[in-house]
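Results of the structural survey
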Amino acid sequence: MAWNEPGNKGNKDPWGNKSGNDKGPPDLDEVFRNLSKRFGGGKGNGKGPVFSSFALIIVLGIAVVVWGLSGFYTVKEAEKGVALRFGEYIGEVDPGLQWKATFIDEVFPVNVNTVRSIPASGSMLTTDENVVLVELDVQYRVTSAYNFLFSAVDANESLREATDSALRYVIGHNTMDDILTTGRDKVRHDTWAEVERIIEPYKLGITIVDVNFLPARPPEEVKASFDDAISAQEDEQRFIREAEAYARAIEPKARGQVKRMEQQARAYKEREVLEARGKVAKFNLLLPEYKAAPVVTRERLYLDAMQIVLSGTSKVLVDSKSSNNMMYLPLDKLMQKSQSNTKPRSVNSSSTMSSSYGSAAQTNVPLDTRPTRGERQGRN
């Protein structure tokens, strides 16, 4: 029950109103007088409390101890403290247990090791008048705690606005195809450089560590069409790679075929040259024999030529003017024999001719006195 409720008996007024009537708060002089009595008391003239010097020293000592203890603080390992004295910058405080004068100095700790990030996103217009949804994440670290706190009202908000402005500027100077496909890395570097250029005059005390340009995407209304366009671009790249692989496979074969044809041509050339030289040498050997016995040489050359020509045919012509008898010739046997003797005959024809010429030259019978073919037929 409250002290002033109806029916409350007894003197329970917290202000000491014994009569029970509410006459306002107690007299302050009386309160100070009671405090003075508790701290050793003193004599007064009835107008106010009087404290002893010892009690005052105790109170001041306690106040000084409390003030001194309240000045101890700790700066974390990853932080730097910005110290102000009556609002004026006096320096930075290193990590560890420190002391400051309470009500005189102020210290604001700032984390300088943690990598912070600020996202930026939105629908932006490209240079080819297309709308694209882009997302960007800027990672930064505080390098100057004082500039970070006092160079701008809010360094984080300033960096956010600078990032949004730089991103819109870069997107507005690139085509949508480049942003969605091959130009993403260029957009990232250009945005990074533009953000640094914007925040440099403000001296925000931060350093950008990295800029992550997340995959851009078209608006949902036209997403299906853009997916088809991207698929077509991927097919184009795939066809290009397949063509390059086919070219790499065909090119060595073509080079090998060219080399083979070159070698065959060189071999054909050397063979023809050697055959021509052989024919020239044969002619040079035959010329003296022909000059010595032209009739016999011509006859021999004719016989050798006819033997070479007729050796490959199955028809045999027999001159039977002087006789009416039918001669039986085993043509199949002759053909087999001619086929077995054709090649060595053609190879050794020059040696046979030279040997015959040599034997004819070694005899003492004049070559021009030998009977010709017409004379032999006449005799027969």
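In this text the structure is predicted, and so the values were computed from the model without any measurement. Along each chain, the written sequence defines residue order, and numbers are assigned to residues from 1. Totals for whole chains, interfaces and linings use all residues, but because this is a predicted model, local features are given only for residues with pLDDT of at least 70 and pairs of side-chain atoms are given and counted only at 80 or more. As a rule here, side-chain values cover all heavy atoms of the structure and leave hydrogens and water aside.

Digging into the sheet that holds strand β3 (residues 88-93)
Taken in spatial order, the three strands line up as β3-β2-β5 in an open sheet, and their pairing is antiparallel. Every interior strand has two partners, whereas the edge strands, β3 and β5 (105-111), have only one. Taking each pair of neighbouring strands and ignoring which way they run, the sheet shows an average axis angle of 25 degrees. A strand pair is defined by DSSP finding two or more bridges across the two strands. A helix here means a DSSP run of H or I that spans at least four residues, while a strand means a run of E at least two residues long, and both kinds are numbered starting from the N terminus. Helix axes are fitted only over the stretch in contact, all axes being lines through C-alpha atoms; the angle between N-to-C directions runs from 0 to 180 degrees.

Details of the pattern of salt bridges
The term salt bridge refers to a pairing of a side-chain nitrogen on Lys or Arg with a carboxyl oxygen on Asp or Glu at a separation within 4 Å. Evaluated as defined, the whole model comprises 14 salt bridges. Linking Arg 188 and Asp 210 is a salt bridge whose minimum nitrogen-to-oxygen distance equals 2.8 Å. Residue Arg 188 is found in helix α6 (residues 184-199), and its partner Asp 210 is found in strand β8 (residues 206-213); the two are separated by 22 residues along the sequence. Residue Arg 238 pairs with Asp 235 through a salt bridge whose shortest N-O separation is 3.4 Å. In this pair, Arg 238 and Asp 235 are both assigned in helix α7 (residues 223-292), three residues apart and thus about one turn of the helix distant. We call a residue buried when its accessible area falls under 20% of the maximum for its residue type, exposed when it is over 50%, and partly exposed in between, using a 1.4 Å probe and counting protein chains only. Residue Arg 238 is classed as partly exposed on the basis of its relative accessible area, which comes to 40%. Relative accessible area serves as the criterion here: at 32%, Asp 235 is assigned to the partly exposed category. A single network of salt bridges, built from pairs that share partners, joins Asp 185, Arg 188 and Asp 210.

Things to note about a nonpolar patch on the surface
There is a patch of nonpolar side chains on the surface, built from Val 65, Trp 67, Leu 69, Phe 72, Phe 86, Leu 97, Trp 99, Phe 103 and Ile 104 and spanning about 1100 Å² of accessible area. Listed by contribution, the elements that provide at least two residues to the nonpolar patch are α2 (53-69) and β4 (96-99). No other element matches α2, which puts three residues into the nonpolar patch. When you line up the elements, Trp 67 lands in helix α2. On the accessibility criterion, Trp 67 (31% relative accessible area) is partly exposed. Candidate patch residues must exceed 30% relative accessible area and have no salt bridge, after which like charges are joined if within 9 Å and Val, Leu, Ile, Met, Phe, Trp or Tyr side chains if within 5 Å. Using a 1.4 Å probe, accessible areas were evaluated by the Shrake-Rupley method; residue-level cover was limited to the displayed protein chains.

A word on the pairing of strand β7 (residues 131-142)
Along any regular strand, the residues point their side chains to alternate faces of the sheet. Sheet analysis places strand β6 (residues 116-125) next to β7, joined by 10 bridges and oriented antiparallel. When the bridges of β7 are listed, Ala 120 appears paired with Leu 136. Two successive antiparallel strands, β6 and β7, enclose a turn made up of five residues, where Glu 129 displays a positive phi of approximately 60 degrees. As judged from the seven bridges shared by β7 and β8, these two strands associate in the antiparallel manner. By the bridge assignment for β8, Gln 139 is matched with Asp 210.

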